[in-house]
Amino acid sequence: MNGSPQRGPEPDELAELVRLLPPPGDPELSDGRHHLLKEHLMLQIEEPATAPHRPKRRRLVLLAAPLAAAAVAAGLFAGLHGSGDTPPSPAAKSAAKPGGEGSATVLLDRISLAAAHQPALPVRENQFVYIKSKVAWTTQKGNGPQVPQPLREREIWQPQSPGKRGLLREAGWKIELVGSKDDLTYRELAAMPTEPGALLAGVYAKIPKSGKTATSAARNAEAFRELGRLLSEGILPPKLAAAIYRAAAKIPGVRVVPDSVDAAGRHGVAVALVAYGERSEWIFDKKTLNYLGERGYMVEDTKHAKKGMITATTAVLQRGVVNKAGELPGKP
């Protein structure tokens, strides 16, 4: 705190929080989640009115899920009237362990809250989603070793309606893109479930239960990868982005990597899952919790790669919406 004037919650905000409380008999929140959301709300309530680069008055924005609203309200009233002497729950103790699954759950909850507060950027069906990034992956010929590729800039224009052609510029190439059923439009993304359990169930339902994904560990790794694909090259509705992060927190084995680096050299905190000797990381800005990019990192020697090798690195530099392929955001 710097001595600047502080403000408490407005009466209409308190009334809204009370209204969103669940009826008696709803399950109680764990102490860990209660503390997390209390901390998030109190940071907004106590934020100095003169904080730089922010409006002087911020309106509280609540997630639509009743349980999340109840958590925020519970945190507020605990902060006003005292939290009691209840000992920490096992979940809260797990959350305190650096790098553990509990830590990942806490971090992903915070990332989810930040994502839910982002303004929506709707995309019309006659427009294109533009993504600029830096990328590098490994290549492999036959059964040979993985070979790192050079870092390069990548620009993609994704059409939002059938029949339109997109565009990819990468490594000096200019390629016209034909949309496929795997390329989700903003409209299709907006229609996906925003309840984390339902979203994750839908992801698992599409993963084969035989072959390379027959084991639970392989299915978990594939689910993490599929959710990560939604983050990398697209514009997400805020409610879906929030659901993706909470869904990822439900995948067994997800851990925190305290410091990771994206393809642009930006340091951040990451959530990761290890499979087949490789750690797949989603990297976020430590202050804003915005998604920065991803990284693949070998944590052990395998037949095709050595421990310490970077197998994938990306950095999202710009996202936007334009009216035609090849056009840049903010330019006619």
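See the structure above.
### Focus on the overall build of the protein chain
Of the regular secondary structure elements, the protein chain holds 9 helices and 10 strands. The burial tally for the protein chain puts 42% of its 332 residues in the buried class. A separation threshold of at least 6 residues defines the contact pool for the protein chain, and within that pool the share at least 24 residues apart is 60%. About 18,500 Å² of surface is accessible on the protein chain, with carbon and sulfur atoms providing 56% of the total.

### Topic: the packing of aromatic side chains
Evaluated as defined, the whole model comprises 4 aromatic pairs. Ring geometry for Phe 284 against Tyr 291: centres 5.9 Å apart, planes inclined by 75 degrees, an arrangement best described as edge-to-face. Following the ring pairs from residue to residue traces out a cluster consisting of Tyr 245, Phe 284 and Tyr 291.

### Describing helix H5 (residues 101-116)
Counted at 1.5 Å a residue, the expected span for H5 with its 16 residues is 22 Å, and the 22 Å between its end C-alpha atoms agrees. Within H5, 12 of the 16 residues are buried, which leaves the element mostly enclosed by the surrounding structure. Among the residues of H5, those classed as buried are Gly 102, Ser 103, Ala 104, Leu 107, Leu 108, Asp 109, Ile 111, Ser 112, Leu 113, Ala 114, Ala 115 and Ala 116.

### A short note on the nonpolar core
Grouped together as the largest cluster of nonpolar side chains are 45 residues, with contacts concentrated most on Leu 227, Ile 244, Tyr 245, Ile 251, Val 254, Trp 282 and Phe 284. Elements represented by at least two residues in this core include exactly H5, strand E1 (128-139), helix H6 (186-190), helix H7 (196-205), helix H8 (216-232), helix H9 (238-248), strand E7 (267-275) and strand E8 (278-284). If one sorts the elements of this core by residue count, H9 sits on top with 7 residues. If near-sequence neighbours (up to four positions away) are discounted, Tyr 245 is found in contact with Leu 108, Ile 111, Ser 112, Ala 115, Leu 231, Trp 282, Phe 284 and Tyr 291.

### Details of the pairing of E7
Counting buried residues along E7, 7 of its 9 residues qualify, which places the element largely inside the surrounding structure. In the sheet, strand E6 (residues 255-261) pairs with E7 via 5 bridges, with the strands oriented antiparallel. In the sheet register, Ser 260 faces E7, and the bridge partner there is Gly 268. Linkage of E6 to E7, two consecutive antiparallel strands, is achieved through a turn of 5 residues, within which Gly 265 is found at a positive phi near 85 degrees. In the sheet, E7 pairs with E8 via 7 bridges, with the strands oriented antiparallel.

### Quick look at the pattern of salt bridges
One pass over the structure, following the stated rule, counts 14 salt bridges. When the shortest N-O distance is used, the salt bridge between Arg 152 and Glu 170 registers 2.5 Å. One end of the pair, Arg 152, is in strand E3 (residues 152-159); the other, Glu 170, is in strand E4 (residues 165-170), and 18 residues separate them in sequence. Here Arg 152 and Glu 170 have matching classes, each one buried. One salt bridge in this structure joins Glu 176 and Arg 165, with 3.9 Å as the shortest N-O distance. With Glu 176 in strand E5 (residues 173-178) and Arg 165 in strand E4, this pair connects stretches of sequence that are 11 residues apart. We classify Glu 176 as exposed; its relative accessible area is 55%.

### Quick notes on H9
Buried residues dominate H9, accounting for 10 of its 11 residues. Taken as a whole, H9 has its buried residues at Pro 238, Leu 240, Ala 241, Ala 242, Ala 243, Ile 244, Tyr 245, Arg 246, Ala 247 and Ala 248.

### Looking at the environment of Leu 317
Take Leu 317: it is sitting in strand E10 (residues 310-322). Using a relative accessible area of 37% as the deciding quantity, one classes Leu 317 as partly exposed. C-alpha of Leu 317 to C-alpha of Glu 155: the two residues are 162 residues apart in sequence and 9.8 Å apart in space. With near-sequence residues (within four places) excluded, Leu 317 lies in contact with Lys 132, Ser 133, Lys 134, Ala 264 and Arg 266.

### Thoughts on the environment of Gln 140
Mapped onto the fold, Gln 140 is located in the loop between E1 and strand E2 (147-148). Between the alpha carbons of Gln 140 and His 304 there is a distance of 8.5 Å; along the sequence they are 164 residues apart. When sequence neighbours within four positions are dropped, the list of residues in contact with Gln 140 reads Pro 145, Gln 146 and His 304. Within the structure, Gln 140 has its side chain in polar contact with the backbone oxygen of Gly 144 (distance 2.8 Å). Within polar-contact distance, the side chain of Gln 140 engages the side chain of His 304 at 3.1 Å.

Cut-offs and rules
Residues numbered from 1 in each chain as written. Predicted model: local features only at pLDDT ≥ 70, side-chain atom pairs only at ≥ 80, totals over all residues. Heavy atoms only, no water. Helix = DSSP H or I, 4+ residues; strand = E, 2+ residues; numbered from the N terminus. Buried < 20%, exposed > 50% of the residue type's maximum accessible area, 1.4 Å probe, protein only. Contact = heavy atoms within 4.5 Å. Areas by Shrake-Rupley, 256 points an atom, 1.4 Å probe, with all protein chains shown as cover. Phe/Tyr/Trp six-rings, centres within 6.5 Å; stacked < 30°, edge-to-face > 60°. Expected span 1.5 Å × (residues − 1). Core = buried A, V, L, I, M, F, W, Y, C linked by side-chain atoms within 4.5 Å. Pairing = 2+ DSSP bridges. Salt bridge = Lys/Arg side-chain N within 4 Å of Asp/Glu carboxyl O. Polar contact = N/O pair within 3.5 Å; in protein donor to acceptor, adjacent residues only side chain to side chain.

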